[in-house]
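Tertiary structure, described
Residues per chain are reported as follows:
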Amino acid sequence: MNRVLVRKLSTNVCGTKILRRACSTDVSHQVSSSGSNESITKRNPTDGPQHDIAIVGGGMVGIALAASLASKPLTKHLDVAIIDNNPLLGRKNIIEKGNPPDPRVSTVTPATISFLKDTGAWKYIQEQRHAYFDKMQVWDYSGLGYTRYNANDVHQDVLGCVVENKVLQSSQLSCVQESDLQKTIYPARLNAMDMLPSSSLTGLGEVPSTTDLFMRGRLAKLELSDGNSVYAKLVVGADGSKSQVRELAGIKTTGWNYSQNAIICTVEHTVENYTAWQRFLPNGPIALLPIGDKFSNIVWTMDPKEASDRKSMNEADFIKAVNDALDSGYGPHPETTSSRNSLSWLTGNVTISTKERFETPPKVVKLSSERMMFPLSLRHAKDYVSKRVALVGDSAHTVHPLAGQGVNLGFADACALSKAIAEGIALGTDIGEANLLKRYEAERKPANMAMMAVLDGIQKIYSVDFGPLNALRAAAFHGAHYISPLKKRIISYASGEQALPLFS
Amino acid sequence: MLFSKPMNQLQRLLLSARRVSSSPITPPPSCLLHKRLFSTSDTDASAASLPSSHQTVQTLESKASNKSRNTSSTTSLNQDELAKFSAIADTWWHSEGPFKPLHLMNPTRLAFIRSTLCRHFSKDPSSARPFEGLRFIDVGCGGGLLSEPLARMGATVTGVDAVDKNVKIARLHADMDPVTSTIEYQCTTAEKLVDEGRTFDAVLALEVIEHVANPAEFCKSLSALTIPNGATLLSTINRSMRAYASAIVAAEYILRWLPKGTHQWSSFLTPEEVTMLLQRASIDVKEMAGFVFNPITGRWLLSDDISVNFIAYGTKRSDLGDI
């Protein structure tokens, strides 16, 4: 039975989320009773609704957390609130199948695919457009080396799958809507968040009201842009790289902006594409990812001036620039070295991809969507958790898109947090408690930081055009291509099967 | 040499004199083991005092040596000890304070308790509140570290402790959450509850028996509180060389996790002794597990190693014959 309650209130729908500091801590908001289920305490009609978990941000990762909680027997009885500005969230999203793919896509790794299968969302994704790929080729403009990866190297069928973001989001939402989880969606933005220190409830009588519980530090209070207040034991910040929850909780971040912007768009070929291509150019990599039905997605990183030029140039010129970038421009093709490598005895069990020739990517013939541009940066929250607050996804870590890892880290966060919550409930812990949240942080933080370090390192190495460094990169390409144990390790790390690059 | 065979040990226990010592460091007694385990004389002085925290150990020693025959626990407890203990009682819920080892151990022992009791009562372990409708008692509850999670798992929990301050702290903390405010806390002893005729589906006495003057009587009280075919869980520290090295020397002197004098090595019980005492009290020990501390990760793990900390799960026999 569909138990989603969508509050039909007037909302502030803005295109960009503007950060606003908590300006009002006035407790006496008059709220209308919401009608959401309450299992334990009876509520005073003037109290705000009380939930176990409030997920701020209804994007892919926030909804994934809700879906993961809904799929576990220990957590599926929880009361979850989802706070997101998007008024379309919660309505039955009908994605028309005839349209060309949306340029916002994500590559999901095999580890994420198994997480999505666990939550039950994968069967919905399979009904929509999605594209598996089992080969990958990476090279650069200097033409000195290339690396090819094949899923058969690690005895798998696929290296990953490319899915549109809206498909990922709507399929998880369908899972949540069909589950027994008590959920309420608030289409509003978060304005303020409040938490008080714990104190005793003595003297409050049998059933303390929500406001009393908040005043005694057992609940966090969230004030929304439509004037309502929501109370929750745990607030999860899944609201992206400019996270408001993170800001309101006072969690500091480190990071820097890359002086690069990325342009994304959908393009079309005349042939099917089953390989993921990435070429590192002097100003940044260009990636071509198959989406299915002869469409591919382009993610092209470059410096801001070029980016705004390329965004505004006409279609024909843009297509020519893309083909140049992928194929003929900037430098020669790497040579396919002969498969009879004199060092084959050294490299041991040679993987299939080692023998593959260098291929040129399929030619782009048509631009099928608008070109979108956004700036790139690296950001990492110093803490993932604080009292009654946990951060997941981009709000905790923002990375460069060059390896397609960003949202996969976010899904891994959602998986780890729901696991920590389930373990906490099994052992009778209060879900807002610090120890439980610290376990989640201890699991995800090292893994995320390691991945960020690797990606940042790659980004920096490729941003310098310097002879000896080019040769070094070429040697790295050759190494990754020919040394099979290293290649298997790289694939398994990038697939999410391995959390840390070195010691796991 | 001491621990080669349990039999030798028992003989020694029966023949040895009561050890009187108030020095802080207690070396492993080579020939002085007091007859805590097998004194059959009077039950009053022993079963009456059931303190929950570690600090009242000295109290018991001095009390036993005073040969007091008082049935009430509170009046015979050493006031100095109570004061010292009351000062620390506030820190029950400080996870970095003197009770830090218990806080670290709590999730591990809760995991064992949850799985054994779910099996015992045939409840679904993947349910969030598997113990709905069951009555549990936490003997020596202290600040309620164990009682609160059990209440969150759905049980109707009663917590008792002989030290009033502990009960007050437990009550204050439990009232902070509507789910745990239903816990009944009382400043009383197991024996008094037996006199009142109360019974429970499961009786838990974790880290208590090493502080009791008469463990045999204590086990009898626990058994009397359990309904036939009910569950009894008891955890304590083994009387082994390893336990001396870790629980006393390392914990109290090197790492300073616990105040000195918290534990008396001679009061520890071996698993065989615990099994025997429980058996004499009509409780059959079914499972035993140990807790092992990993200093690198800072976590406790459940293991088969019962040489230091161990927990025993037993069921009360349904035929109520005399022991």
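What counts and what doesn't
- Residues numbered from 1 in each chain as written.
- Chains lettered and ligands numbered in written order.
- Predicted model: local features only at pLDDT ≥ 70, side-chain atom pairs only at ≥ 80, totals over all residues.
- Heavy atoms only, no water.
- Buried < 20%, exposed > 50% of the residue type's maximum accessible area, 1.4 Å probe, protein only.
- Helix = DSSP H or I, 4+ residues; strand = E, 2+ residues; numbered from the N terminus.
- Pairing = 2+ DSSP bridges.
- Contact = heavy atoms within 4.5 Å.
- Buried area = accessible area lost by both parts, 1.4 Å probe.
- Salt bridge = Lys/Arg side-chain N within 4 Å of Asp/Glu carboxyl O.
- Polar contact = N/O pair within 3.5 Å; in protein donor to acceptor, adjacent residues only side chain to side chain.
- Nonpolar A, V, L, I, M, F, W, Y, C, P; charged D, E, K, R; others polar.
- UniProt positions renumbered as here; feature names shortened; annotations may be inferred.
- Axes fitted to C-alpha atoms, helices over the stretch in contact; angles between N-to-C directions.

Residue and element names in this part refer to chain A. Across the five residues that make up strand 11 (residues 220–224), a large majority, five, are buried. Here strand 10 (residues 190–195) pairs with strand 11 via five bridges, running antiparallel. By the bridge assignment for strand 11, Met195 is matched with Ala220. Here strand 11 pairs with strand 12 (residues 229–237) via four bridges, running antiparallel. When the sheet's bridge partners are listed, Ala220 is paired in strand 12 with Ala232.

With that settled, the discussion passes to the interface of chain B and chain A. Each partner contributes to the interface: chain B provides 18 residues, whereas chain A provides 20 residues. Both faces combined, the contact of chain B with chain A buries some 1600 Å², and carbon together with sulfur accounts for 63% of it. Joining chain B to chain A, the criterion identifies zero salt bridges. Summed over the shared surface of chain B and chain A, the result is two residue pairs in polar contact (both at pLDDT 80 or more). The set of elements that each furnish at least two residues to the side of chain B that touches chain A consists of helix 6 (100–120) and helix 7 (147–152) of chain B. Among the elements that make up the side of chain B that touches chain A, the one with the highest residue count is helix 6 of chain B (four residues). Classifying every residue of the side of chain B that touches chain A gives eleven nonpolar, two polar and five charged.

Moving on, we come to the UniProt feature "domain: FAD-binding" (unreviewed entry) in chain A. In the numbering used here, UniProt assigns the feature "domain: FAD-binding" (unreviewed entry) to residues 52–328 and 367–452 of chain A. Secondary structure across residues 367–452 of chain A divides into 47% helix and 21% strand, with the first and last C-alpha atoms of the span separated by 32 Å.

The next subject is the sheet that holds strand 8 (residues 160–164) of chain A. All names here are of chain A. With antiparallel pairing, three strands are arranged side by side in an open sheet as 4-8-5. Across the chains shown, the open sheet's two edge strands, defined by having one partner strand only, are strand 4 (105–108) and strand 5 (130–133). Each strand of the sheet is rotated relative to its neighbour by a mean of 20 degrees, with strand direction disregarded. Where strand 4 and strand 8 come together, four bridges link them in antiparallel fashion. In the sheet register, Ser106 faces strand 8, and the bridge partner there is Val163. Packed onto the sheet, helix 2 (residues 110–119) meets strand 4, strand 5 and strand 8 and runs at close to 95 degrees relative to strand 4.

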